[in-house]
Amino acid sequence: MPTTGYGSAGFPSAISAPQERDLPLRLNVKLRFRLIERARPAIVSPGFPAYAGAVAWACCLLVGCAAKLSAPVLQADLPVRWEGGAESVPIVPIVPQVDLAAWWRALGDPALDDLVARALQGNLSLAAAGEHLRAARALSIPAAGASLPNLRFATTATPTPDSRGSYFQAGFDAQWELGLFGRSAAAVGIAAADAGLAQVNLRAARVSVAAEVVRTWLEWRDAERRLALSDQAVALQRQNLELLQARVRLRLAAAHELAGARAALAQAEAARLEPQNAVQRYRQQLKVLLGDRNAALPEGPRADIATSAELHIEQMPADLLRTRPEIQRAEQLVLRAASAAGEARANLYPRLALGGMLSAAWPMHGAGGDSSMHSTLVLGPTFDIPLFDWGSRRAVVDVRDAELAAAVLEYRQSVLEGLAEVQSALAGLTLQRERLAAAQRALAALMEQENAALTRRRLGLADQLEIGAARLARLQAELALSQAQLTHQLSFVALCKALGGADPDGANTQQPAQQPAVPPGAAP
């Protein structure tokens with residue numbers, strides 16, 4: 001049998017050479033020892049206890065050959081400090097602490113909290129993911145029961161060899177396949193990994209739904225705010241056009257100036273259509289996320305959302321990244337690949353099963369005058385010894401080893417991608433915080449300019465058109481500030497999602513246990 005090396009990560013470092021494969025022929029040798037007693041009453045042979053004891057001892061010895069499967073130790077090279085913020089962040093907090101399990105509460109909007117809770121309860125994608133999880137957990141039951149004794153009762157009608165009569169047969173059939181060489185552990189491991197993948201998919205769906213609800217809610221609020229500002233801008237442009245028309249009538253302004261005012265009014269009215277359409281679009285998106293097209297949405301004035309919400313980092317990067325569903329999914333794929341590799345290696349070795357049958361047959365008609373009942377007792381082990389199979393079993397082992405190596409590499413890639421996403425989100429949040437501060441300063445300056453224009457108007461040094469221009473400039477600054485606030489809040493959402501937040505049920509505390517790096521499915 002070829003020698004396959006294992007690195008420190010616990011996955012194969014070499015693939016078997018073609019010349020090391022088995023000979024191109026397969027022969028299955030099945031041996032079944034039977035103890036058959038017929039006639040009534042059934043009489044058990046005197047040597048049966050010794051025979052049964054020998055079988056039991058042999059089974060106990062073979063069970064000792066069962067190998068325990070182990071998954072590779074997943075180690076990731078991660079920095080000890082976060083990068084991407086205003087400064088490199090180790091364990092020092094940035095600003096007020098945010099609970100990752102319900103990070104949206106840091107925005108301080110009770111209506112948003114209610115919407116997220118409703119979405120986590122009613123979203124149809126989450127319900128489907130929950131059903132997939134229930135199905136995966138149910139499939140783990142037959143996987144665990146495959147290595148346990150099973151008993152069934154069946155009836156059948158059996159014809160005589162000459163087809164001139166038939167017997168009615170009823171009886172019990174029992175079988176216990178011993179999952180030797182890690183075969184049973186591999187089957188259970190595969191089913192457990194599938195259930196783990198379903199659970200991770202459910203958690204990933206919860207993270208995505210919560211983030212989408214918050215994102216859509218923030219964009220809806222911003223669209224409503226922009227719509228209100230656009231209405232004010234249209235009113236100001238219409239007022240400026242009326243004032244300019246009055247000045248033209250009084251011959252205080254040239255008629256060609258009206259064209260510019262009409263164009264500005266038309267542009268303001270066109271700009272108003274985008275937020276008006278966005279309001280309706282985001283309302284429909286929220287109803288989809290809530291899983292109900294007739295869902296009631298909050299109306300009326302909105303509470304002020306905190307714009308300075310940041311994340312309090314208290315853990316090292318490795319600990320925070322372990323909460324990411326993408327990394328948990330990669331872990332489960334490694335565990336599944338390790339179990340599949342163990343199953344392939346177990347298939348290189350013989351199978352052993354204990355079986356028995358107790359049945360009775362009654363003649364129905366044409367049985368040659370035989371009217372007596374016939375009973376049958378069969379008991380004994382069954383061996384399945386694969387000898388030669390054209391190298392197919394060894395090829396499967398090579399395939400599973402390569403898949404395990406690929407799964408470990410994909411896990412490392414998911415860690416790197418998660419780390420990059422978190423650091424990019426930190427950098428984006430810092431940048432948007434600076435942009436928000438600049439927009440606030442610009443608005444403050446333009447408000448001072450508007451107040452100065454009002455003061456000059458009271459002193460008779462400015463006209464209404466100058467005040468209108470100052471108000472329009474202030475409205476444009478408010479629109480820019482609204483966009484900056486939205487971008488800053490969405491950057492906060494992106495950071496919390498990158499950190500794997502939104503897990504009010506506590507599923508992120510369930511981490512797969514890491515075991516020593518032992519080649520899966522190793523021979524006893």
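Residues numbered from 1 in each chain as written. Predicted model: local features only at pLDDT ≥ 70, side-chain atom pairs only at ≥ 80, totals over all residues. Heavy atoms only, no water.

## Section: the overall build of the chain
The condition that has to hold: Helix and strand labels come from DSSP, where a helix needs a run of H or I of at least four residues and a strand needs a run of E of at least two; each type is numbered from the N terminus. For every residue, the accessible area (1.4 Å probe, protein chains only) is compared with the maximum for its type, and the residue is labelled buried under 20%, exposed over 50%, or partly exposed between those bounds. The contact definition used throughout considers only heavy atoms, calling two residues in contact when any of these lie within 4.5 Å.
If you tally the helices and strands in the chain, you get 9 helices and 5 strands. Traced from its N-terminal end to its C-terminal end, the chain shows the element sequence β-α-α-α-β-β-α-α-α-α-β-β-α-α. Of all 524 residues assigned to the chain, the portion counted as buried reaches 41%. For the chain, contacts bridging at least 24 residues in sequence account for 84% of all contacts bridging at least 6.

## Quick notes on the pattern of salt bridges
Counted only if it meets this: Every case where a carboxyl oxygen of Asp or Glu lies within 4 Å of a side-chain nitrogen of Lys or Arg is listed as a salt bridge.
Under the defined criterion, the tally for this structure stands at 19 salt bridges. Its salt-bridge partner being Glu403, residue Arg400 comes within 3.4 Å of it at the nearest N-O pair. Separated by 3 residues within a single helix, Arg400 and Glu403 lie in helix 8 (residues 392-458), roughly one turn from each other. Judged by its relative accessible area of 40%, Glu403 falls in the partly exposed class.

## Quick word on the packing of helix 7 (residues 325-346) against helix 8
Worth spelling out the cut-off: Axes here mean lines fitted to C-alpha atoms, for a helix over just the part in contact, with angles spanning 0 to 180 degrees between N-to-C directions. An angle below 35 degrees is treated as roughly parallel, one above 145 as roughly antiparallel, one from 65 to 115 as roughly perpendicular, and anything else as oblique. Crossing chirality is assigned from the near helix's rotation relative to the far helix, an anticlockwise turn below a right angle marking it left-handed and a clockwise turn marking it right-handed. Gly counts as polar in this scheme, as do all residues outside two lists: the nonpolar Ala, Val, Leu, Ile, Met, Phe, Trp, Tyr, Cys and Pro, and the charged Asp, Glu, Lys and Arg.
Closest axis-to-axis distance for the helix 7/helix 8 pair is 8 Å, and the angle between their directions is 165 degrees. Taken together, the axes of helix 7 and helix 8 lie roughly antiparallel to each other. The chirality of how helix 7 crosses helix 8 is left-handed. A breakdown of the residues in the contact of helix 7 with helix 8 according to their chemical character gives 16 nonpolar, 1 polar and 8 charged.

## Concerning helix 2 (residues 110-122)
In an α-helix, one turn spans 3.6 residues, which is why side chains three or four residues apart end up on the same side. Short version of the rule: A helix is expected to reach a length of 1.5 Å times the quantity of its residues less one. For the purposes of these results, a polar contact is taken to be a pair of N or O atoms within 3.5 Å, where, inside protein, one atom must be able to donate a hydrogen and its partner to accept one; residues adjacent in sequence count only when each atom of the pair is a side-chain atom.
For helix 2, with 13 residues, the first-to-last C-alpha span of 18 Å sits near the 18 Å given by 1.5 Å per residue. Near the N-terminus of helix 2, the side chain that reaches the backbone nitrogen of Ala111, with its oxygen 3.1 Å away, is that of Asp109.

## So, the side chain of Arg474
The residue Arg474 is located in helix 9 (residues 464-498) in this model. Ignoring sequence-local partners within four residues, the contact set of Arg474 consists of Gln232, Leu443, Leu446, Met447 and Glu450.

## Quick word on helix 7
Across its 22 residues, helix 7 extends 31 Å between first and last C-alpha, which sits within 8% of the 32 Å expected from 1.5 Å per residue. Among the 22 residues in helix 7, 16 count as buried, and that is most of the element.

## Some remarks on the nonpolar core
To be explicit about the condition: Within this scheme, the nonpolar core is defined by two criteria: the residues are buried Ala, Val, Leu, Ile, Met, Phe, Trp, Tyr or Cys, and they are joined through side-chain atoms within 4.5 Å.
Counting residues in each nonpolar core, the largest one holds 48 residues, and the members touching the most others are Trp103, Trp104, Leu112, Val116, Val213, Val214 and Leu218. A per-element tally of this core places helix 4 (residues 183-249) first, with 14 residues. Core analysis: the second largest hydrophobic core is formed by 11 residues, Ala330, Val334, Val408 and Tyr411 among them.

## Describing the packing of helix 2 against helix 5 (residues 257-290)
Packing of helix 2 against helix 5 brings their axes to within 7 Å, and their N-to-C directions diverge by 50 degrees. By the criterion of interaxial angle, the relationship of helix 2 to helix 5 is oblique. Taking contact as the criterion, the partners of Leu115, Arg118, Ala119 and Gly122 in helix 2 are, on helix 5, Leu286, Leu289 and Leu290. For the contact of helix 2 with helix 5, the class distribution of residues is 5 nonpolar, 1 polar and 1 charged.

## Focus: a nonpolar patch on the surface
Heads up, the condition is: Two joining distances apply to patches: 9 Å for like charges and 5 Å for nonpolar side chains (Val, Leu, Ile, Met, Phe, Trp, Tyr), and every residue must have over 30% relative accessible area and no salt bridge. Here the Shrake-Rupley method, with its probe set to 1.4 Å, supplies the accessible areas, and only the displayed protein chains count as covering residues.
A surface patch of nonpolar side chains, about 450 Å² in accessible area, is lined by Leu151, Phe153, Phe172 and Leu358. Mapping Leu358 onto the fold places it in strand 4 (residues 351-365). Classification of Leu358 as partly exposed rests on a relative accessible area of 47%.

## A few points about the confidence of the model for the chain
Selection rule: Values of pLDDT, ranging from 0 to 100, describe the predictor's confidence in every residue of the model.
Overall, the predicted model of the chain reaches an average pLDDT of 74, with 70% of residues at or above 70. Across the chain, the secondary-structure element scoring lowest on mean pLDDT is strand 1 (residues 28-32), at 41, and the one scoring highest is helix 5, at 91. When the criterion is pLDDT under 50, residues 1-48 qualifies, and its contacts beyond four places in sequence or with other chains add up to 112 contacts. Segment residues 506-524 is flagged for pLDDT under 50; beyond a separation of four residues in sequence, or across chains, it makes 49 contacts in the model.

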